Amino acid sequence: MQEISFQCSPEEAKDFNFLEDKIKQELNLSRTSNIDFRWKKRSIDARKRNIKINCTFEVEVDTQLPDISYQFEFKDVRNSKEVHIIGAGPAGLFAALHALELGLKPIVFERGKDVRSRRRDLATLNKEGILNPESNYCFGEGGAGTYSDGKLYTRSKKRGDVDRILKMLVHFGANEDILIEAHPHVGTNKLPQIITSIREKIISCGGEIHFEKKLTNIHLNGNEIDRIEINYSETFPIKKLILATGHSARDVFELLHKNNIEIKAKPFALGVRVEHTQELIDQLQYHGRLNDDYLPPAAYNLVTQVDGRGVYSFCMCPGGIIAPCATDSNEVVTNGWSPSKRNNPYSNSGIVVSIFPEDFKGKENDPFVCLDFQKEIEQKCWQAAGKNQKVPAQRLLDFVNKKKSIDFPRSSYQPGIESVEMDSIFPTFVVDRLRQAFKDFDKKMNGFLTNDAVIHAPESRTSSPISVPRDPETFQHIRITNLYPCAEGAGYAGGIVSAAIDGVKCIEKIKGKISAFG
Ligand SMILES: Cc1cc2nc3c(=O)[nH]c(=O)nc-3n(C[C@H](O)[C@H](O)[C@H](O)COP(=O)(O)OP(=O)(O)OC[C@H]3O[C@@H](n4cnc5c(N)ncnc54)[C@H](O)[C@@H]3O)c2cc1C
């Protein structure tokens with residue numbers, strides 16, 4: 001098999017005959033020669049007016065390309081050693097799948113509901129502004145990943161680990177394109193079915209997943225957990241416990257602290273979610289090309305430094321929706337998702353400022369210092385916008401010019417928006433940096449700073465404001481030897497793929513320990 005790379009126009013990249021001829025030409029083959037080819041990687045280079053597609057193909061001459069295998073060997077684990085996993089997000093589910101591969105029996109406890117029941121709670125939240133604290137955009141089967149945007153890119157440099165997760169997603173129903181695109185994306189409409197297939201596999205192999213089962217306490221015996229308490233009533237003896245509860249399970253941080261299990265304050269980022277029309281973003285990024293059948297809805301990735309601190313775009317959703325992502329009824333939180341086709345008329349992204357424990361003088365050593373700040377902002381927003389799931393909003397230029405907005409273009413945020421000046425919500429070290437950052441971004445994308453864009457507040461669940469320290473080699477908690485703090489909630493992942501990778505790694509560490517000591 002040969003690999004061949006070249007650039008072509010977006011139109012050519014969709015023209016099979018052009019691609020076949022071009023590959024033959026690049027390989028010095030005659031036009032009549034017989035080749036089989038398929039995409040290996042695809043990315044867009046839109047830096048110049050003359051937009052190009054970077055193409056890489058796998059090619060065979062005079063023979064067929066071998067099939068790509070998306071098969072995995074999941075064992076029957078009915079009578080195998082048990083591993084308890086708290087949380088059925090990407091980390092918990094991929095830990096459970098890898099447990100099946102390694103011959104361990106995963107028993108997963110998830111506080112939320114299965115994807116289908118969860119969908120009803122999301123509809124009530126969006127339409128009536130009523131939040132179920134146990135079943136929402138963060139809690140439930142598939143975790144924050146299920147009704148997320150499903151962007152699958154990660155900063156992880158370990159290509160092998162990433163490819164394995166992507167191939168497993170294809171095995172469970174994702175489109176093969178995720179293996180090709182430089183910025184793979186699944187979409188909220190497709191994720192629930194994939195999550196359902198994962199659950200069915202885990203159960204059919206003898207693993208267990210229990211919904212509406214919340215970890216409510218931990219019983220220690222020296223430096224080990226010997227029992228866990230579920231729903232304040234049932235207790236289960238455990239041998240190894242993976243804690244994959246995500247960055248929004250504040251009660252889990254509290255129960256660890258109450259049991260003197262070490263946790264630490266961790267830097268995170270916070271700000272607003274800005275919404276433009278997708279048409280404007282396409283125009284800015286694609287140099288005026290509009291309604292283009294050959295290019296996907298455009299994305300952006302912006303970063304600047306203001307007063308020695310990073311301000312950057314986060315979780316950008318082309319053709320997306322701003323979603324209500326709070327986990328308690330006295331707070332509001334925004335995030336974004338998009339369907340697989342990214343065909344909504346809006347584009348949104350978080351614009352966030354890095355926050356450090358040192359920002360809160362005298363409290364740097366309090367493990368809850370960043371979380372308390374995050375909570376305070378979310379509650380302030382809830383109060384300012386009318387104590388329901390509406391969020392504070394301001395037109396972008398009005399914000400930069402410190403002016404209250406009197407009306408708004410349509411917002412995709414379904415529960416509704418209220419005109420509130422962001423200066424009444426955020427401390428000056430945040431709003432001043434946001435203002436400057438929007439001006440900087442306008443220099444990079446001329447037209448970004450427009451009064452037709454609206455900022456919604458807050459974007460606050462970017463990463464965990466607390467970490468649960470673990471040994472970097474063994475992944476065991478620094479003191480509690482059978483506790484494996486995992487993925488985003490513990491501070492070791494940010495996003496679906498890195499969370500899944502961390503879940504897999506935790507199981508590998510556990511398997512290594514079990515094999516060594518029985
Ligand atoms: C709207 C939205 C859009 C997003 N878009 C993207 C994206 O496009 N790409 C991307 O990479 N990331 C995205 N993310 C972030 C991504 O979803 C998370 O990074 C990822 O899900 C983290 O995985 P995790 O398994 O560590 O934790 P989570 O997904 O948070 O899962 C933790 C699970 O633990 C459960 N749990 C918590 N406490 C308990 C308890 N006490 N007992 C039992 N169960 C408990 C929760 O209910 C939850 O199901 C998005 C998130 C949201 C909300």
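Right above here is the structure, for reference.
All of the points below concern the structure found in this document. Everything numeric in this text was worked out from a predicted model, so none of it was measured. (Residues numbered from 1 in each chain as written. Predicted model: local features only at pLDDT ≥ 70, side-chain atom pairs only at ≥ 80, totals over all residues. Heavy atoms only, no water.)

### What to know about the nonpolar core
- Core analysis: the largest hydrophobic core is formed by 66 residues, its most contacted members being Phe57, Phe426 and Phe438.
- When we break this core down by domain, the ones giving at least three residues each are domain 1 (2-61) and domain 3 (265-459).
- Once residues within four sequence positions are removed from consideration, Phe426 is found in contact with Leu270, Gly271, Val272, Ile377, Val431, Ala457 and Pro458. (Core = buried A, V, L, I, M, F, W, Y, C linked by side-chain atoms within 4.5 Å. Buried < 20%, exposed > 50% of the residue type's maximum accessible area, 1.4 Å probe, protein only. Domains from an automatic or database assignment. Contact = heavy atoms within 4.5 Å.)

### Re the environment of Pro10
- By the element assignment, Pro10 lies in the loop between strand E1 (2-8) and helix H1 (16-26).
- Given a relative accessible area of 2%, Pro10 falls into the buried group.
- For the pair Pro10 and Ile203, spaced 193 residues apart in sequence, the C-alpha separation works out to 44 Å.
- Dropping the residues within four chain positions of it, Pro10 is found in contact with Ile51, Ile53, Arg289, Tyr294 and Leu295. (Helix = DSSP H or I, 4+ residues; strand = E, 2+ residues; numbered from the N terminus.)

### With respect to the site of the ligand
- What surrounds the ligand is a group of 37 residues, the closest being Glu110, Ala144, Lys151, Glu488 and Ile496.
- Pro90 has a polar backbone atom sitting 3.3 Å from an oxygen atom of the ligand.
- Between the ligand and Arg111 there is a distance of 3.0 Å, counted from a nitrogen atom to a side-chain nitrogen or oxygen.
- Coverage of the ligand by the protein amounts to 95% of the 1000 Å² it exposes when considered alone.
- Looking at the shell around the ligand, the elements with two or more residues in it are helix H2 (90-102), strand E16 (334-337), helix H11 (487-490) and helix H12 (496-517).
- Looking at the shell around the ligand residue by residue, the classes come out as 18 nonpolar, twelve polar and seven charged.
- Looking at which domains feed residues into the shell around the ligand, each of domain 2 (82-263 + 468-517) and domain 3 (265-459) gives three or more. (Near = heavy atom within 4 Å. Polar contact = N/O pair within 3.5 Å; in protein donor to acceptor, adjacent residues only side chain to side chain. Areas by Shrake-Rupley, 256 points an atom, 1.4 Å probe, with all protein chains shown as cover. Nonpolar A, V, L, I, M, F, W, Y, C, P; charged D, E, K, R; others polar.)

### With respect to the pattern of salt bridges
- Enumeration according to the criterion identifies 37 salt bridges in this entry.
- With a closest N to O distance of 3.1 Å, Glu234 and Lys213 form a salt bridge. Note that Glu234 is positioned in strand E9 (residues 234-237) and Lys213 in the loop between strand E6 (208-210) and strand E7 (215-221), a separation of 21 residues in sequence.
- With relative accessibility at 29%, the residue Glu234 sits in the partly exposed group.
- For Lys214, the salt bridge goes to Asp251, with nearest N and O atoms at 3.8 Å. One end of the pair, Lys214, is in the loop between E6 and E7; the other, Asp251, is in helix H6 (residues 250-258), and 37 residues separate them in sequence.
- With a relative accessible area of 13%, Lys214 lands in the buried category.
- Connected via shared salt-bridge partners are Arg111, Glu134, Lys214 and Asp251. (Salt bridge = Lys/Arg side-chain N within 4 Å of Asp/Glu carboxyl O.)

### Quick look at helix H10 (residues 428-444)
- Along its 17 residues, H10 runs 24 Å from first to last C-alpha, staying within 8% of the 24 Å computed at 1.5 Å per residue.
- Among the residues of H10, Val430, Val431, Arg433, Leu434, Arg435, Ala437, Phe438, Asp440, Phe441 and Asp442 are the ones counted as buried. (Expected span 1.5 Å × (residues − 1).)

### Focus on the pairing of strand E2 (residues 35-45)
- In this structure, E2 lies alongside strand E3 (residues 52-61), joined through ten bridges in antiparallel fashion. Looking across to E3, one finds that Phe37 is bridged to Val59.
- Remark: six residues form the turn of the hairpin made by E2 and E3, two consecutive strands paired antiparallel. (Pairing = 2+ DSSP bridges.)

### A closer look at the packing of aromatic side chains
- Applying the stated criterion across every chain yields a total of 14 aromatic pairs.
- Measuring from centroid to centroid gives 5.7 Å for Phe37 and Phe57, while their planes differ by 75°, and the two rings are edge-to-face. You can see Phe37 sitting in strand E2 and its partner Phe57 sitting in strand E3, a full 20 residues away along the chain. As far as burial versus exposure is concerned, Phe37 and Phe57 are alike and both buried.
- Between Phe72 and Phe74, the aromatic rings sit 6.3 Å apart at their centres with planes inclined by 35°, giving tilted as the arrangement. Pair check on accessibility: Phe72 and Phe74 agree, each one buried.
- An aromatic cluster is defined as three or more aromatic residues linked by ring pairs; in this entry it consists of Phe6, Phe16, Phe37, Trp39 and Phe57.
- One Lys or Arg, Lys22, reaches over the ring of Phe6 and ends 5.4 Å from the middle of that ring. (Phe/Tyr/Trp six-rings, centres within 6.5 Å; stacked < 30°, edge-to-face > 60°. Lys NZ or Arg CZ within 6 Å of the ring centre and 35° of its normal.)

### Digging into the sheet that holds strand E19 (residues 417-419)
- Pairing in this open sheet of seven strands is mixed, and the strands run E13-E14-E17-E12-E20-E18-E19 from one edge to the other. At either end of the open sheet lies a strand with only one pairing partner, and these are strand E13 (303-306) and E19. When strand polarity is set aside, the average angle formed by the axes of neighbouring strands in this sheet is 30°.
- Relative to strand E14 (residues 309-317), E13 runs antiparallel, the two being bridged by four bridges. Within the sheet, the bridge partner assigned to Thr304 lies in E14 and is Val311. (Axes fitted to C-alpha atoms, helices over the stretch in contact; angles between N-to-C directions.)

Function cannot be read off these values alone, since they describe shape.
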